[in-house]
Amino acid sequence: MLRKIFTRLLTTAITLFGVAVIVFVVIRVVPGNPIAMMLPPGATEADIARLQALYGFDKSIFQQFLIWVQGVLQGDFGTSISLRQPVAGLVLGRLPATLELATVALVIALVMGATMALVGTRYRNTKTEAAVDVTSGMALSIPDFLWGLVLILLFGVLWPVFKISGRISPSLDIDFATNFFLIEALLRGRLDVVSNILSHSFMPALALAIPFAAIIAQLLKQSLKETMHLDYVTLARTKGYGENHVILKEALPNAVLPTLTLVGVQFTFLIGGTVIVERLFSYEGLGNMAIDAVINRDLPLIQGIVILFALIFTLINLAVDMLYVVLNPRLRHA
Amino acid sequence: MKLSRRGMLRSTGAAITLATFGTPTFAAIDELVIAYNVTLPSWNPTVGLSAVNPTLQGYYQSVFDNFIPQNPDLTFGSGIITDYGWNEDNSAIWMDVREGVTWHNGDPLTAEDIAWSLARVADPDTGSPIQFIWGKITNIQHDGNRVTADMPEFEPTFFKWMSFLTGYVLPKKYYEEVGAEGFEAAPIGSGPYMVEKFERNAFVRLKANQNYWGGAPEFKTVTIKFVTDAASRVAEVESGNSHVTLEVPYEEFDRLKAKDGIEGTASPISDIGMIFLNDIDVMTDPNVRKAAAHAIDKQTIIDRLLSGYGIAIDTLQTPDYVAFDPSIEVPYDPELAKSLLAESGYGPDNPVKFKIQSTRGFKPKDFEMIQAIVGLWRRVGIEAEIEVYEIAKHFELRAADQLAPAAFYNWGNSVGDPSTSTGFAMFGPSPHSVWDGEDTFNKILPLWAEADESKRIEGWKAVDRHIAENAEVIPLLQYVQPILHATGVRVTPHRSGALLPHLMTRA
């Protein structure tokens, strides 16, 4: 088991290094030079040279990469060109917001998806099941940012009960010690702040959750359907248990395992999906920062964000793999 | 009234939700909320990428004072520097500093602050992107409320730059105490608003400076939310979550300003849309350039694509700029375009071909405008292939003089001086110009240091005429900025495009 974990950690490190190399090279090859964007009217060739030297762009890509790697190994990811602050602090400062949003979205998706699957199974071969299938099909075929626009129209304009932009109301009188606003507000017992945060994050989280919920619903329903034909479920029926009991107590515990594995893998895509949704709702997370970094051709910041995303993805995959091993003892010796 | 069970439930649910999350309202406004279209990356208005980003100047002008302020109509006012001028032979400058001004922390603003602010941006080591202007003064001294400096190389636009990019007064004592990082974390200025709270990439909360030398602003608290998505800004103002927003699509502007509780203001700003012509390939043929210019029906494009919100221009000067010359015209004349092309052997059956680059979504309907222009060109015998590029790529290609034969861009020039429009855009050695023609170069060269102001302006008008007659660039339009606001707010638009809360009052 330990050897397996060590091997996976080594693979993770190699993956991250590969990502770093690719990102470093690609963002320097694609057109768009941050120095050119910084040039004021009247700048001279000397000004260009001075700025290039200031940000190290006068060196070869290989030299730049070596300097960057040396810095990273010491925890220094460079300084953002547009924000003029250390990249490590910036990306780690934003990560909690994105994780909170993705977690709220995950909870909503699990509740919605499980409900749809259970209802579809309970009323299988009826119009209700057909309605569940159509609903999940629609939910999946419309992308999250479009759901965002629909939600803004519905709950932001026509029936304006949720906040359209931001993460928390500027007028709220609270100083957070960390960037985990929701968790901190809960721990402090500030329900007014919790309510305010949720009123801001509900729509972006729901936009992210709807397609995710559809995937959960479809897979769980399929698993439940297959489980419902197994002998022990039939036995439960013959004992006289009602259909609700059979589904929830007998079939669900077995059917849910493949879905949980999928949830782990899909969660990484959920975090990736925050990029556009955060922008739409002006949510101050990592995704929103990523778009600004790309627009400004802020190379150090882009590198930092991509590396952090890659780290999250690989760690979640690692966790899912390990969880799978824990849940399935046969794999421990594989 | 008969209440159904469903209706009762719906009303109760709505009441609970509204009580929980708050009710948006257009009623009496205590705290002004603005949904702004760009985020603020840095609080230092004198260095880095943010310092030369025109869209950020509204934030800076709320907290800091320019050396010399600009009025909403782009004229120059009297501010921290009340009076200024050159000595007789234009080798030195003097400035008088307003007395009785205090910084946000209560310290007095003195001539020493002005001298230090200027010396700081003049020093190449501070990283000021406008050092090429500020570096033209040396030996900066202060005595009483007067600041003096030598200017070995005369710069006629020096005082105009004091209202422009990086032209801000910073507090010497405070800055030296807290350092660059401390200043970024807790900036203070002498402007109409003080920074109360700043959440990077989320919002800035401003508190009125009750001691502002120009009079305390009307709204005691202003929150500027960073809402970069246009659809979200529309929703913000439509739902009442924000009282003011800007840069929304013109169709949405027309729709919303007709609604109860919302009003709209659409005023020209100093930004222009233009097509750079790079004198390479077919663009070395004057007939092709002139045909391309005469084949564009600017007014119809403005009317049809921009709902009429734009002002057609024929030079790089807008009517607000000091060197605007209404007698320079490049009329829409497709027949003339055809005959010019025919002189060079081109026509609808044998079209001249070149590439045109365009942004898509960087400015309102930019790509659609270029599509329309390409359509108009096709009618006279020009076949242009559109290449969409990001604005960062445009900057890189322009700096390297590698733009396509035609390339769409927008140019801002809030001080309205011809040197900062025609000058930098058309003077070959500038990294912002792709026009290398010697005629234009020779006409512009003596104007950089022309000391006689009327002669200088007339000189630029002559340059503009030469450029228009030879179609060396294709100016298209002056942009109009749409601002939506609640009826409870009166907004005074600023020609620079900066949305300034201290110019807003209760209606």
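Just so we're clear, the structure is a prediction, and the values are computed from it rather than from any experiment.

1. Details of the layout of surface pockets
Then step 1. Looking at the second largest pocket, its volume works out to about 900 Å³.
Then step 2. In this structure, the second largest pocket is lined by 40 residues; those nearest its centre are Gln85(A), Glu184(B), Ala185(B), Phe198(B) and Arg200(B).
Then step 3. Contributing elements (two or more residues each) for the lining of the second largest pocket: helix H5 (87–122) of chain A together with helix H7 (172–185) and strand S6 (193–199) of chain B.
Then step 4. If one sorts the elements of the lining of the second largest pocket by residue count, H7(B) sits on top with six residues.
Then step 5. Looking at the lining of the second largest pocket residue by residue, the class counts come to 19 nonpolar, eight polar and 13 charged.

2. Some details on the packing of aromatic side chains
Then step 1. Under the defined criterion, the tally for this structure stands at 43 aromatic pairs over all chains.
Then step 2. Aromatic pair Phe427(B) and Phe441(B): ring centres 5.0 Å apart, planes at 5°, arrangement stacked. With a gap of 14 residues between them, Phe427(B) in the loop between helix H15 (422–426) and helix H16 (438–444) and Phe441(B) in helix H16 connect regions that are remote in the sequence.
Then step 3. These aromatic residues form a ring-pair network of at least three members: Tyr36(B), Trp43(B), Tyr59(B), Tyr60(B), Phe64(B), Trp116(B), Tyr168(B), Tyr174(B), Tyr175(B), Phe183(B), Phe198(B) and Phe226(B).
Then step 4. Against the face of Tyr123(A) rests Arg122(A), its NZ or CZ located 5.2 Å from the ring centre.
Then step 5. The ring centre of Tyr479(B) lies 4.4 Å from the NZ or CZ of Lys363(B), which sits over that ring.

3. Considering the pairing of strand S1 (residues 31–36) of chain B
Residue and element names in this part refer to chain B.
Then step 1. With five of six residues buried, S1 is to be regarded as a mostly interior element.
Then step 2. For S1 and strand S8 (residues 221–226), the ladder comprises six bridges, and the chain directions are parallel. Pairing of Ile 34 across the sheet is with Ile 224, part of S8.
Then step 3. Relative to strand S9 (residues 244–246), S1 runs parallel, the two sharing two bridges. Residue pairing across strands places Ala 35 opposite Thr 245, the latter belonging to S9.

4. Looking at the pattern of salt bridges
All names here are of chain B.
Then step 1. For the structure on display, the rule yields 37 salt bridges over all chains.
Then step 2. Here Lys 173 makes a salt bridge to Glu 177, at a shortest N to O gap of 3.5 Å. One end of the pair is Lys 173 and the other is Glu 177, both in helix H7 and four residues apart, which spans about a single turn. Taken individually, Lys 173 and Glu 177 each receive the classification exposed, so the pair is uniform in this respect.

5. Looking at the interface of chain A and chain B
Then step 1. Tallying the contact residues gives 47 residues for chain A and 53 residues for chain B.
Then step 2. Summed over both sides, the interface of chain A with chain B buries roughly 4,400 Å², with 61% coming from carbon and sulfur.
Then step 3. Here chain A and chain B share zero salt bridges between them.
Then step 4. Applying the counting rule to chain A against chain B returns five residue pairs in polar contact (both at pLDDT 80 or more).
Then step 5. Among the secondary structure elements, those contributing two or more residues to the side of chain A that touches chain B are helix H2 (34–38), helix H3 (45–54), H5, helix H7 (144–158), helix H9 (191–227), helix H11 (243–280) and helix H12 (286–295) of chain A.
Then step 6. Examining the composition of the side of chain A that touches chain B, we find that four residues originate from one element, H7(A), more than from any other.
Then step 7. Residues of the side of chain A that touches chain B, tallied by class, amount to 25 nonpolar, 13 polar and nine charged.

6. As for the packing of H11(A) against H12(A)
Residue and element names in this part refer to chain A.
Then step 1. Packing of H11 against H12 leaves a shortest axis separation of 7 Å and a crossing angle of 85°. With respect to each other, H11 and H12 are oriented roughly perpendicular. On the side of H11, the interface is formed by Thr 274, Val 275, Glu 278 and Arg 279, while H12 contributes Leu 286, Gly 287, Asn 288, Ile 291, Asp 292 and Ile 295.
Then step 2. Classifying every residue of the contact of H11 with H12 by side-chain character gives four nonpolar, three polar and three charged.

7. Let's talk about the sheet that holds strand S4 (residues 138–143) of chain B
All names here are of chain B.
Then step 1. Spatial ordering of the open sheet is given by S2-S3-S5-S4, a layout of four strands whose pairing is antiparallel. This sheet does not close on itself; its edge strands, each paired only once, are strand S2 (81–86) and S4. When strand polarity is set aside, the average angle formed by the axes of neighbouring strands in this sheet is 15°.
Then step 2. The pairing of strand S3 (residues 92–97) with strand S5 (residues 146–150) spans five bridges and is classified as antiparallel. In the sheet register, Met 95 faces S5, and the bridge partner there is Val 147.

Thresholds, definitions, all that
Residues numbered from 1 in each chain as written. Chains lettered and ligands numbered in written order. Predicted model: local features only at pLDDT ≥ 70, side-chain atom pairs only at ≥ 80, totals over all residues. Heavy atoms only, no water. 1 Å grid on protein atoms, 1.4 Å probe; cavity = no way out; pocket = protein on both sides within 12 Å on 5 of 7 lines; lining within 4 Å. Points joined across faces, edges and corners; volume = space filled by probe spheres on them. Helix = DSSP H or I, 4+ residues; strand = E, 2+ residues; numbered from the N terminus. Nonpolar A, V, L, I, M, F, W, Y, C, P; charged D, E, K, R; others polar. Phe/Tyr/Trp six-rings, centres within 6.5 Å; stacked < 30°, edge-to-face > 60°. Lys NZ or Arg CZ within 6 Å of the ring centre and 35° of its normal. Buried < 20%, exposed > 50% of the residue type's maximum accessible area, 1.4 Å probe, protein only. Pairing = 2+ DSSP bridges. Salt bridge = Lys/Arg side-chain N within 4 Å of Asp/Glu carboxyl O. Contact = heavy atoms within 4.5 Å. Buried area = accessible area lost by both parts, 1.4 Å probe. Polar contact = N/O pair within 3.5 Å; in protein donor to acceptor, adjacent residues only side chain to side chain. Axes fitted to C-alpha atoms, helices over the stretch in contact; angles between N-to-C directions. Parallel < 35°, antiparallel > 145°, perpendicular 65-115°, else oblique.

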